Amino acid sequence: MLSALLMYLKVIFVGGSICMIAQLIVIRTKITPARILVIFLMVGAILGGFGLYNYVVEWAGAGATIPILGFGNSLANGAITAAKTDGLFGALSGGLIAASAGIAVSIGLSYLISFFVNSKTKKD
Amino acid sequence: MIKLGKQTYQLEKDISVVTGLSLVGQKEGDGPLKRYFDFVEKDDKMGEKTFEKGERHMFVKAISSAIKKSGFSNEQIDLYVGGDLMNQLVSSNYTAEELEIPFLGLYNACATMTESLIIGSTFLETGGLNNVICATGSHFSTAERQYRYPLEFGNQRQSYAQWTVTGVGASVLSSVKKSKVKIRKFTVGKVTDFGICDIANMGAAMAPAAMETLNAFFKDTNTTQKDYDLIATGDLGKLGSDIFKDLMQEKGYDLETNYIDCGHMIYNIDQDTLQGGSGAGCSAVVLNSYILNKLNTGEFKNVLLISTGALMSTTVNQQGDSIPCIAHLVLLEVE
Amino acid sequence: MNKYARNERYVAYVENKSPKAGWFESLFHAFLMGAAICCLGQMFSDIIRSFYPMMDLLTVGAWINIIVISLTIIMTALGVFDRLAKYGGAGTFIPISGFANSIASCAIEYKKEGLVFGIGSKMFFVAGPVLVNGVAYSLVVGIVYYIISLF
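This is a predicted model, so every value here is computed, not measured. Residue indices begin from 1 for each chain and proceed along its sequence in written order. To label them, take the chains in the order written and letter them from A, then take the ligands in the order written and number them from 1. Only residues with pLDDT of at least 70 are given local features in this predicted model, and only at 80 or more are side-chain atom pairs given and counted; all residues enter the totals for whole chains, interfaces and linings. Computation of side-chain values covers all heavy atoms of the structure but excludes hydrogens and water.

> Please explain the pairing of strand β2 (residues 8–25) of chain B as it appears in this structure.
For a regular strand, side chains alternate in direction, first toward one face of the sheet and then toward the other. All names here are of chain B. Each residue is assigned to one of three classes by its accessible area relative to the maximum for its type, calculated with a 1.4 Å probe on protein chains only: buried under 20%, partly exposed between the two thresholds, exposed over 50%. To qualify as a helix, a DSSP run of H or I must reach at least 4 residues; to qualify as a strand, a run of E must reach at least 2; elements of each kind are numbered from the N terminus. Among the 18 residues that make up β2, 13 are buried, leaving the element largely enclosed by the rest of the structure. Strand pairing follows a simple DSSP-based rule, namely that at least 2 bridges must link the two strands. If you look at the hairpin formed by strand β1 (residues 2–4) and β2, you'll find three residues sitting between the two strands, and G5 has a positive phi there, around 60 degrees. Direction of pairing for β2 relative to strand β9 (residues 181–187): antiparallel, over a ladder of five bridges. Bridged to Y9 within β9 is F186.

> Is there a simple way to think about the packing of helix α6 (residues 202–221) of chain B against helix α1 (residues 3–17) of chain C in this case?
If you want to describe how two helices pack, look at the angle between their axes and the distance between the axes. Packing of α6(B) against α1(C) brings their axes to within 11 Å, and their N-to-C directions diverge by 125 degrees. As far as their axial angle goes, α1(C) and α6(B) are oblique. Considering how the two elements wind past one another, α6(B) and α1(C) form a crossing that is right-handed. Across the interface between the two elements, A204(B), A207(B), P208(B) and E212(B) from α6(B) touch R6(C), Y10(C) and V14(C) from α1(C). Charged means Asp, Glu, Lys or Arg here, nonpolar means Ala, Val, Leu, Ile, Met, Phe, Trp, Tyr, Cys or Pro, and polar covers whatever is left, Gly included. Residues that form the contact of α6(B) with α1(C) fall into these classes: five nonpolar, no polar and two charged. Fitted lines through C-alpha atoms serve as axes, helices being fitted only where they are in contact, and the angles separating the N-to-C directions of these axes extend from 0 to 180 degrees. Any angle that falls under 35 degrees is termed roughly parallel, while one over 145 is termed roughly antiparallel, one within 65 to 115 roughly perpendicular, and all others oblique. The sense of a crossing depends on the near helix, which, turned anticlockwise from the far helix by less than a right angle, makes the crossing left-handed and, turned clockwise, makes it right-handed. Whether two residues touch is decided by their heavy atoms; if any such pair falls within 4.5 Å, the residues are in contact.

> Would you explain helix α3 (residues 90–99) of chain B in this entry?
An α-helix turns once per 3.6 residues; consequently, residues spaced three or four apart project the same way. All names here are of chain B. Along α3, the residues that are buried comprise S91, S92, T95, A96 and L99. Considered in projection along α3, the buried side chains sweep an arc of 130 degrees and stay on one side of the axis. Facing away from the buried side of α3 by more than 90 degrees, the exposed set consists of E97 and E98. The inward-facing, buried residues of α3 abut α2 (51–70), β4 (79–83) and β5 (103–105). Directly after α3, the chain includes E100, whose backbone phi takes a positive value near 60 degrees. Each C-beta atom gives one direction from the helix axis, and the arc is the one those directions make.

> So what exactly am I meant to see when it comes to the confidence of the model for chain C here?
Detailed reading of the predicted model is not advised wherever pLDDT is low. With 99% of its residues at a pLDDT of 70 or more, chain C shows a mean pLDDT of 90. ipTM for the predicted complex: 0.90, alongside a pTM of 0.91. Scored from 0 to 100, pLDDT records how confident the predictor is in each individual residue.

> Can you walk me through a negative patch on the surface in this structure?
All names here are of chain B. Taken together, E48, E75, E97, E98 and E100 make up a surface patch of like negative charges. With respect to the helices and strands, E97 occurs in helix α3. When its relative accessible area of 58% is taken as the criterion, E97 is described as exposed. Two joining distances apply to patches: 9 Å for like charges and 5 Å for nonpolar side chains (Val, Leu, Ile, Met, Phe, Trp, Tyr), and every residue must have over 30% relative accessible area and no salt bridge. Here the accessible surface of atoms and residues is derived via Shrake-Rupley with a 1.4 Å probe, and residues count as covered only by protein chains that are part of the display. Each salt bridge in this description consists of a side-chain nitrogen of Lys or Arg and a carboxyl oxygen of Asp or Glu lying within 4 Å of one another. The charged-residue count follows a simple rule in which Lys and Arg add positive charge and Asp and Glu add negative charge, with His and chain termini not counted at all. Where a charge lies is defined by one atom per residue type, namely NZ (Lys), CZ (Arg), CG (Asp) and CD (Glu).

And the structure:
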């Protein structure tokens, strides 16, 4: 029970802190959210490339995988793991394979809802 | 027409603003100016399928109502001048097609209202035609779709951002039919660029253009802010109008009691629009509701309206260019 | 006065004059929203692992991503996600939910332009940079790793 509680504290700490750092960059600099997403993705991919991010994932679980850093990490990890087993072909295909489920669900579900929903004007 | 100084012109004929009509969306209708507006539309699609068609519908409704209100028929209107914020001025073009009035499409972003008043009154001054309708407008949802993000996209606005006004303002000008309010002078602005690149901070980008135009007008006519009952800028918003006041102070003009900004006054503070309204519809609806009303009731004798426009293009802005801006000034007087 | 100096002076003045978002408040909101979304993910991961204890970490990670993505898209369709994002800022766009929202909102918004030029070509109008860069980095990492592993 205590260990589960501790795990959630770690998730809150890591997930919240990553978002807070991004927000700090948003309000302190002129960097747009889209650029920050790309920067964080790159950081995740670099840390993943050196195999460092997996330690964070092991420590903080969803607190590390849900932020976009985790997406970058899984792309890099996928490429490395596939390169180990399938050589050059794996190095080329591994990244997309690792991310494929998330991307496919995003596209498929968005496609589906777009048939039923219209955009609404913002009230504020 | 007499040229005064470098950029200002004085009209010799009596050019009357016969009627003004304003049509706005619900959010504007909830603001402090609600009792001045002619129409407040609950549905900003106007029952149409898309926001673009809704904007078009708003234009048609506003313009035909304005013509009816002025007592003319469509055939008696010789010319329709105006524009909007959409690419290729789609809303105005389709409206002109429906109304079957000869049409000149104008684009000066949010400064299009005063630009069309200038073109309209110049045409009337030349004679040969009697009645002109000037109409501009904008729509929050179509502008958001074209210039920014999808409507359901979640993002936080910058604290200095503004809100595009949904609304259309139309004025009928005439050289034959008399009314209290006349257009006397106007100043054609120069494109001004003080190096602001942030497209969310349009107030700061446009303030120097307003300053240049108002300064030129004061120089050309040898007057100061004290000679006018009201000086109104188009859509600088709160931040932009504070900057504008600072810039005018530097030039030696102290704008305090008789200065308003249409963008700043169109929404209440609790409506969460940050710095206030913007868009081609902003100065158009405030002119055709609040300002004309106060002129007609005699509360103001003369009003300077300076619509300001940020002539930005997302393409060149992404290539690193700053935002060029323009402001045109019109002097409205009561006899 | 030369234009360059004038502009530089003006931009600095504007920078100084522009209101800054409330520091503490906006950071706190981002922290709260980010932590909440990650906790939701962790909760789903715990549920999945209680049913399938043998599932490896990577697959669990992929599953919780799928769940968060689906929830985000449904909330976008209901028109509530943009309200959450207005509150949370980076707290909603840094988690995978931001990626999902940007795709779903584009799909809804541009369907009026048709299936091909609307949904088809504009779906990745906002999310495109993430996908393009992500795939490019993974290629670099994969190829570099492959070359190193040759020696």
